[in-house]
Amino acid sequence: QQPVQSPQAVILREGEDAVINCSSSKALYSVHWYRQKHGEAPIFLMILLKGGEQKGHDKISASFNEKKQQSSLYLTASQLSYSGTYFCGTEDSNAGKSTFGDGTTLTVKP
Amino acid sequence: KAGVTQTPRYLIKTRGQQVTLSCSPISGHRSVSWYQQTPGQGLQFLFEYFSETQRNKGNFPGRFSGRQFSNSRSEMNVSTLELGDSALYLCASSSTGTGIGYTFGSGTRLTVV
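First things first, this report covers the structure right here in the doc. This is a predicted model, so every value here is computed, not measured.

Bringing the state of the cysteines into the picture now. On inspection of all chains with the given rule, the structure shows 2 disulfides over all chains. Disulfide partner of A:Cys22: A:Cys88, at an S-S distance of 2.0 Å. Handedness of the A:Cys22-A:Cys88 disulfide follows from its S-S torsion of about 70 degrees: it is right-handed. Here A:Cys22 is found in strand β3 (residues 18-23), whereas its partner A:Cys88 is found in strand β9 (residues 84-91), with 66 residues between them in sequence. One disulfide in the model links B:Cys23 with B:Cys91; its S-S distance is 1.7 Å. Residues B:Cys23 and B:Cys91 are joined through a disulfide that is left-handed, its torsion about the S-S bond being -45 degrees. Highlighted residues: B:Cys23 in strand β3 (residues 19-24) and B:Cys91 in strand β9 (residues 87-94), separated in sequence by 68 residues. Owing to a relative accessible area of 0%, B:Cys91 belongs among the buried residues under this scheme.

Let's shift gears to the pairing of strand β4 (residues 31-38) of chain B. On a regular strand, one side chain projects to one face of the sheet and the next to the other, so that they alternate. Residue and element names in this part refer to chain B. Buried residues dominate β4, accounting for 8 of its 8 residues. Of the strand pairs in this sheet, β4 and strand β5 (residues 42-50) are connected by 8 bridges, and their pairing is antiparallel. Along β5, the bridge assignment pairs Tyr35 with Phe45. Between β4 and β5, which pair antiparallel one after the other, the connecting turn spans 3 residues. As paired elements, β4 and β9 share 7 bridges and run antiparallel to each other.

Conventions and cut-offs
- Per chain, the residues get numbers from 1 upward, laid out in the order the sequence is written.
- Numbering of ligands from 1 and lettering of chains from A proceed in the order in which they are written.
- This being a predicted model, a pLDDT of at least 70 is required before a residue's local features are given, and a value of 80 or more before pairs of side-chain atoms are given or counted; all residues contribute to the totals for chains, interfaces and linings.
- Just so you know, side-chain values use all the structure's heavy atoms and leave hydrogens and water out.
- In what follows, a disulfide is any cysteine sulfur pair within 2.5 Å.
- The helix count covers DSSP runs of H or I at least four residues long, the strand count covers runs of E at least two residues long, and both are numbered beginning at the N terminus.
- Burial classes follow relative accessibility: with a 1.4 Å probe on protein chains only, a residue under 20% of its type's maximum area counts as buried, one over 50% as exposed, and anything between as partly exposed.
- Only when DSSP finds a minimum of two bridges between them are two strands counted as paired.

As structure tokens, then:
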């Protein structure tokens with residue numbers, strides 16, 4: 001089953017923070033996050049494996065709550081370059097099949 | 001390191017025809033997945049191949065098929081094209097297929113007229 005992302009869209013000013021959530025109805029093995037700009041391929045941001053870890057690089061980080069089957073992506077002090085559609089992909093315990101959410105469109109304005 | 005290469009980038013086909021799309025994964029990656037992306041449906045999983053075997057399949061009709069060769073290159077075939085097959089088809093490769101992020105190709109934009 002497809003994970004559910006929220007919100008569907010968010011508009012920010014440069015420097016503001018945003019949180020994008022990804023929820024699944026199934027037990028998860030991993031959650032991964034991607035950003036896609038218009039007309040381009042999705043770019044891998046990070047992956048979180050079960051175990052409740054948190055990861056981050058630069059001002060983008062994510063957490064994974066295995067019990068709640070949820071992951072959240074945190075974007076702090078957003079920059080114009082953060083604009084795009086963010087997708088979460090989830091894998092259950094079966095190998096090799098990732099299911100993606102419908103995406104969250106993030107627009108950062110000057 | 002070369003990225004994931006998909007060919008062709010753009011394709012226009014007529015209803016009823018068939019089409020073959022190609023994907024060359026990153027060297028050393030043995031898992032190749034295919035996705036259909038449309039504005040209303042997001043990224044829909046088609047199938048995944050690992051070491052020449054189809055390991056997973058999404059909920060698409062049998063008109064959609066694929067295969068993987070010994071060098072990990074993959075092809076996707078759609079027969080008897082329908083207007084609704086117009087979409088961006090993305091291929092993604094990963095090093096093991098489990099718990100590892102994917103590298104996507106730029107996609108093939110298929111238009112069925």
